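An overview of the molecular structure
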Amino acid sequence: MPTTTNALSVPAASAPFEAVQIERRDLRDDDVRIDIAFAGICHSDIHTVRDEWGAAHYPIVTGHEIAGTVSAVGDGVTKFAVGDRVGVGCLVDSCAECENCKNGQEQFCLKGSVGTYNARNYDGEWAAGGYSQQIVVTERMVLRVPEGIELDEAAPLLCAGITSYSPLKRWGAGPGRKVAVVGVGGLGHMGVKLAAAMGAEVTTLSRSADKADDAKALGATTHIATSDRAAMREARGSFDLVLNTVSADLDMEAYLRLLRPNGALVNVGLPPSNFSVKPGSLIIGNKSLSGSNIGGIDETQEMLDFCAEHGIGATIERLDASDTTTIDAAYDEVVAGKVRYRYVIDTATIPSA
Ligand code: NAP
Ligand code: ZN
């Protein structure tokens, strides 16, 4: 028999959250049932439920930054036992057989990876995400949360953490390298912590000076308000890597100008609109414009272990969901850039429907 669990669901693009009961499938041999403790609010949840990317399938239970404890395992599960502290990120399945899965890039599974929400499982059922009290996931997609990281501070690592870690590592953030992080939000604040822990010299770029003190506490040595045209001009040609985490349109040309020769602007922000770049802005200076999509399962575990080793968790504000309008208001605050720096839903407070 499938189990039922309390969840927060959005029935339509402009509708508020409501408390519902959803079903979680009966455990298959390779399944792990997780009692979710915390679920982070990623800006991708907001783009999705507000149908900014199109293709939203309602009702939607969002949430792909999940941390909790294993409460049951299928007969064939070998990696996890009841009581283990675990996480689930943006993926709940992939084929495991194609070259991309075998290379540890399950997000690019050739059969089509299964997202944690707004996606169909291979059995045709719609997946439902982490704003709920339980989830059932094949053990291959479950991560171990190391001791030393509290579950509430671990949850955002499952998306914001890995999405920052993967490009920082790929593009060589480390000693002697100057990294700029654009946008100090959920992804951005993790980008600062991780790049600093990798040994890079980190500068934050934010719309104003409001987050300057926080940015330095997170590990940045310099903070630039992008509204300060003189400071932006002075910063030209100074970074090896610019990580753009902004959820809205940006003038990419302005950020390409900040790169040293051979530098890279890596975009992880995902607003729905196009950006435009003159070919010459890449050619002059041998610059790269790149993108990065979350990270594979092994790399996500590597990131969690790196965070434990360096004492890194997300900087969070916990949300009580007993009044569901709190979550609607939290979405507005994230869009307004007011969150410091990730909202995390205490899922025990989700009301029963
Ligand atoms: P977030 O917490 O809202 O942070 C975004 C930051 O962008 C804000 O804190 C703000 O920083 C800046 N910003 C917001 N609106 C802006 C505007 N109109 N102009 C300039 N700057 C603005 O969002 P998030 O959860 O970090 O997600 C960021 C983006 O990454 C989203 O588009 C999300 O969908 C995407 N994402 C991509 C991946 C991937 O795999 N590539 C994974 C997860 C999320 P300041 O206040 O400092 O200016
Ligand atoms: Zn996310």
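First, a word on what this report is: a plain description of the structure on this page. (Residues numbered from 1 in each chain as written. Chains lettered and ligands numbered in written order. Predicted model: local features only at pLDDT ≥ 70, side-chain atom pairs only at ≥ 80, totals over all residues. Heavy atoms only, no water.)

**Considerations on the overall build of the protein chain**
- A count of helical and extended segments in the protein chain gives eleven helices and 17 strands.
- Its C-alpha radius of gyration of 20 Å places the protein chain within 12% of the 20 Å reference for a compact globule of 353 residues.
- When its C-alpha atoms are laid out on the principal axes, the protein chain stretches across 65 × 40 × 35 Å.
- Classification of the 353 residues of the protein chain by burial places 56% in the buried group.
- Within the protein chain, contacts between residues at least 6 apart in sequence are counted, and of these 68% link residues at least 24 apart.
- In the structure as shown, the protein chain presents an accessible area of about 14600 Å², 48% of it carried by carbon and sulfur atoms. (Helix = DSSP H or I, 4+ residues; strand = E, 2+ residues; numbered from the N terminus. Rg over C-alpha atoms; globule rule 2.2 N^0.38 Å. Buried < 20%, exposed > 50% of the residue type's maximum accessible area, 1.4 Å probe, protein only. Contact = heavy atoms within 4.5 Å. Areas by Shrake-Rupley, 256 points an atom, 1.4 Å probe, with all protein chains shown as cover.)

**Some thoughts on the site of ligand 1**
- Taken together, 27 residues form the shell around ligand 1, and within it His 43, Leu 187, Ser 206, Lys 211 and Arg 342 come nearest.
- One of the backbone N or O atoms of Leu 270 is found 2.9 Å from an oxygen atom in ligand 1.
- Relative to its unbound accessible surface of 920 Å², ligand 1 loses 90% to contact with the protein.
- Listing elements by their share of the shell around ligand 1, those giving two or more residues are helix 1 (43-49) and helix 5 (186-198).
- It is helix 1 that provides the largest number of residues to the shell around ligand 1, a total of three residues. (Near = heavy atom within 4 Å. Polar contact = N/O pair within 3.5 Å; in protein donor to acceptor, adjacent residues only side chain to side chain.)

**Comments concerning the pairing of strand 13 (residues 239-244)**
- With respect to burial, strand 13 is a largely interior element, six of its six residues being buried.
- Strand direction decides the pairing type here: strand 10 (residues 178-182) and strand 13, joined by four bridges, are parallel. Bridge assignment links Ala 180 to a residue of strand 13, and that residue is Val 242.
- Here strand 13 runs beside strand 14 (residues 259-267); their pairing, made up of five bridges, is parallel. Bridge pairing links Leu 241 to Ala 264 in strand 14. (Pairing = 2+ DSSP bridges.)

**Quick notes on the pattern of salt bridges**
- Inspection of every chain in the model, using the stated rule, returns eleven salt bridges.
- We note a salt bridge from Arg 140 to Asp 93, for which the minimum N-O separation is 3.2 Å. Of this pair, Arg 140 sits in the loop between strand 8 (134-138) and strand 9 (143-144) while Asp 93 sits in strand 6 (residues 91-93); the two residues are 47 residues apart in sequence, bridging distant segments of the chain.
- Assessed through its relative accessible area of 29%, Arg 140 is described here as partly exposed.
- The closest approach of N and O atoms between Lys 169 and Glu 302, which form a salt bridge, is 2.7 Å. A residue pair is termed long-range when its members are at least 10 positions apart, and Lys 169 in helix 4 (residues 160-170) and Glu 302 in helix 10 (residues 297-309) qualify at 133 residues.
- The class for Glu 302 is partly exposed, based on a relative accessible area of 31%. (Salt bridge = Lys/Arg side-chain N within 4 Å of Asp/Glu carboxyl O.)

**Details of the nonpolar core**
- Grouped together as the largest cluster of nonpolar side chains are 65 residues, with contacts concentrated most on Val 142, Leu 168, Val 179 and Leu 194.
- Tallying contributions element by element places helix 5 first for this core, with six residues.
- Setting aside chain neighbours within four positions, we find Leu 168 in contact with Ala 173, Val 179, Gly 191, Leu 194, Ala 195, Met 198, Leu 241 and Leu 243.
- Formed by 26 residues, the second largest nonpolar core is a distinct cluster that contains Ile 46, Val 61, Tyr 131 and Leu 319. (Core = buried A, V, L, I, M, F, W, Y, C linked by side-chain atoms within 4.5 Å.)

**Remarks on empty space enclosed by the protein**
- By the definition in use, this model includes one cavity of 30 Å³ or more.
- Space inside the largest cavity adds up to approximately 80 Å³.
- When grouped by side-chain class, the residues that make up the lining of the largest cavity number eight nonpolar, three polar and no charged. (1 Å grid on protein atoms, 1.4 Å probe; cavity = no way out; pocket = protein on both sides within 12 Å on 5 of 7 lines; lining within 4 Å. Points joined across faces, edges and corners; volume = space filled by probe spheres on them. Nonpolar A, V, L, I, M, F, W, Y, C, P; charged D, E, K, R; others polar.)

**Focus: the packing of helix 4 against helix 10**
- Helix 10 packs onto helix 4 with a crossing angle of 95 degrees between their chain directions and a minimal axis gap of 10 Å. Relative to helix 10, helix 4 is oriented roughly perpendicular. Contacts from Gly 161, Ile 162, Tyr 165, Ser 166 and Lys 169 of helix 4 reach helix 10 at Glu 299, Thr 300, Glu 302, Met 303 and Phe 306. (Axes fitted to C-alpha atoms, helices over the stretch in contact; angles between N-to-C directions. Parallel < 35°, antiparallel > 145°, perpendicular 65-115°, else oblique.)

**Thoughts on the layout of surface pockets**
- Volume-wise, the second largest pocket comes out at about 690 Å³.
- Going through the elements one at a time, strand 2 (18-24), strand 6 and strand 8 are the ones with two or more residues in the lining of the second largest pocket.
- A total of four residues in the lining of the second largest pocket trace back to one element, the largest contributor, which is strand 2.
- Split into classes, the residues belonging to the lining of the second largest pocket amount to 13 nonpolar, six polar and ten charged.

**A closer look at the side chain of His 189**
- Take His 189: it is sitting in helix 5.
- On the accessibility criterion, His 189 (0% relative accessible area) is buried.
- Discounting chain neighbours no more than four positions away, the residues touching His 189 are Val 184, Leu 218, Ala 314, Thr 315 and Tyr 341.

**Quick look at the coordination of the zinc ion (ligand 2)**
- Coordination of the zinc ion (ligand 2) by the protein comes from Cys 42 (SG), His 64 (NE2) and Cys 159 (SG), over a distance range of 2.0 to 2.2 Å.
- Between the donor residues of the zinc ion (ligand 2), the gaps in sequence give the motif C-x21-H-x94-C. Highlighted residues: His 64 in the loop between helix 1 and strand 4 (66-73) and Cys 159 in the loop between helix 3 (151-154) and helix 4, separated in sequence by 95 residues.
- Here Cys 159 falls in the buried class, since its relative accessible area comes to 4%. (Donors = N, O, S within 2.8 Å, 3.2 Å for Na, K, Ca; no water.)

**Let's talk about the sheet that holds strand 11 (residues 201-206)**
- Pairing in this open sheet of six strands is parallel, and the strands run 12-11-10-13-14-15 from one edge to the other. Two strands lie at the open edges of the sheet, namely strand 12 (222-225) and strand 15 (288-291), each paired on one side alone. Each neighbouring strand pair of the sheet contributes to a mean axis angle of 20 degrees, computed without reference to strand direction.
- Looking at chain direction, strand 10 and strand 11 are connected through five bridges and run parallel.

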